[in-house]
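What the coordinates show
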Amino acid sequence: MAAPDAPAGEPAGRGPRRAPRVGSVEVLAALLVLLVVFREPLARALSAPRLQTWTTVFVSVLVQAVPFLVFGVLLSAVIAVFVPRSFWARALPRHPALAVPVASVAGVVLPGCECGSVPIAGSLIRRGVTPAAALAFLLAAPAVNPIVLAATAVAFPGRPEMVLGRAVASLVVAAVMGWLWLRLGRADWIRLPRRPELDGASRGVAFWAAVRHDVVHAGGFLVVGALAAASINVLVPERWLRALADEPVLSVLALAGLAVLLSICSEADAFVAASLSQFSLTSRLVFLVVGPMVDLKLISMQAGVFGRRFAVRFAPATFVVAVAVAVGVGAVLL
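Anyway, here's the lowdown on the structure attached to this text.

With respect to the nonpolar core
By size, the foremost hydrophobic cluster in this structure holds 68 residues, and its most contacted members are Val173, Phe287, Val290 and Phe306. Residues contacting Val173, with those up to four places away along its chain left out, are Val289, Met293, Val321, Ala322 and Val325. The next biggest cluster of nonpolar side chains, apart from the first, holds 5 residues, and it includes Val73, Ala77, Val81 and Val211.

Examining the pattern of salt bridges
Under the defined criterion, the tally for this structure stands at 3 salt bridges. With a shortest N-O distance of 3.1 Å, Glu161 and Arg159 are connected by a salt bridge. Judged by its relative accessible area of 38%, Arg159 is partly exposed.

Digging into helix 8 (residues 146-155)
Looking at helix 8, one finds that the buried residues are Val148, Leu149, Ala151, Thr152 and Ala155. For helix 8, the angular spread of buried residues about the axis comes to 160 degrees, placing them on one side.

So, the packing of helix 5 (residues 96-106) against helix 7 (residues 131-144)
Where helix 5 meets helix 7, the axes come as close as 7 Å, and the angle between the chain directions of the two elements is 30 degrees. Here helix 5 is positioned roughly parallel relative to helix 7, judged by the angle of their axes. Where helix 5 crosses over helix 7, the handedness of that crossing is right-handed. Along its contact with helix 5, which presents Ala99, Val100, Ala103, Ser104 and Ala106, the element helix 7 presents Ala132, Ala133, Ala136, Phe137, Ala140 and Val144. Looking at side-chain class alone, the contact of helix 5 with helix 7 contains 10 nonpolar, 1 polar and no charged residues.

Focus on the environment of Leu135
Looking at where Leu135 falls in the secondary structure, it is placed in helix 7. By relative accessible area, which is 1% here, Leu135 ends up buried. In sequence terms Leu135 and Ala175 are 40 residues apart; their C-alpha atoms lie 9.1 Å from each other. Those residues in contact with Leu135, other than ones at most four positions away along the chain, are Trp181, Phe310 and Phe314.

Calculation rules
- Residues numbered from 1 in each chain as written.
- Predicted model: local features only at pLDDT ≥ 70, side-chain atom pairs only at ≥ 80, totals over all residues.
- Heavy atoms only, no water.
- Core = buried A, V, L, I, M, F, W, Y, C linked by side-chain atoms within 4.5 Å.
- Buried < 20%, exposed > 50% of the residue type's maximum accessible area, 1.4 Å probe, protein only.
- Contact = heavy atoms within 4.5 Å.
- Salt bridge = Lys/Arg side-chain N within 4 Å of Asp/Glu carboxyl O.
- Helix = DSSP H or I, 4+ residues; strand = E, 2+ residues; numbered from the N terminus.
- Arc of directions from axis to C-beta.
- Axes fitted to C-alpha atoms, helices over the stretch in contact; angles between N-to-C directions.
- Parallel < 35°, antiparallel > 145°, perpendicular 65-115°, else oblique.
- Left-handed = near helix turned anticlockwise from the far one by under 90°.
- Nonpolar A, V, L, I, M, F, W, Y, C, P; charged D, E, K, R; others polar.

Structure (structure tokens):
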């Protein structure tokens, strides 16, 4: 039987042409055109003081976080592609309960913030590290690395107890959460995205594929968190903070909640805490411990990397443990 004639304009032997796909380059070009066309209305809208504040907070969160996100993504890709699984078997104790504190202390030597620690923890789990140890690293690294501790010392001159309190409380929280995961966590709560682009590819191709995937995936959730943090900065009246500072219990809860809402990168949060001089040192320590472990952008990124079932359980539990431990350490050291 003869083959049916090809439609007019279609080369014989080929199927129908597919509609052209709209990619990121086309979207960016369209946005640039819209910005040029509507530049004057946008300029007038951005001149409003509240919107200027919103824009400043949004941009500052991204500017603080993006370099460390890129660092974390690169390190995550290195772990995923170049580090053999056997390395982690040798580097960490075989018993999961012992691997948790070792992974927590490992955060001391890696300069990064919470934005970078999320993709790194995801790669560690993919490479066979027990989730409890990877999660302990995720919580400890942003708060106890050398850059953060040095920034805390600069922000609180003459207060070495603040640096010590932050390091001790953060390590304790990380270890406790790791052990809690061993006891109560379930494997089906973690849903890491599938990475078919890493299968069967050369190391170079797989490395850049992993980098592109993590930048788009984690970066998108970072933007969502920055949007929420900027909006809350504008909506929460400053006078509420002044009224709460005089109540010991409420001041602790207020700064813990503020740390979640502001979503400040851990390399910069010590200077914000130092500026809140109307609050006690203990409540400011709570701010420094909670922020790098539970904030809006971090919750968003955890939901993107590990799944929503994980985030809705892990973030509230971490918040409670972080507040309790920070208050206890503050009572002893401060």
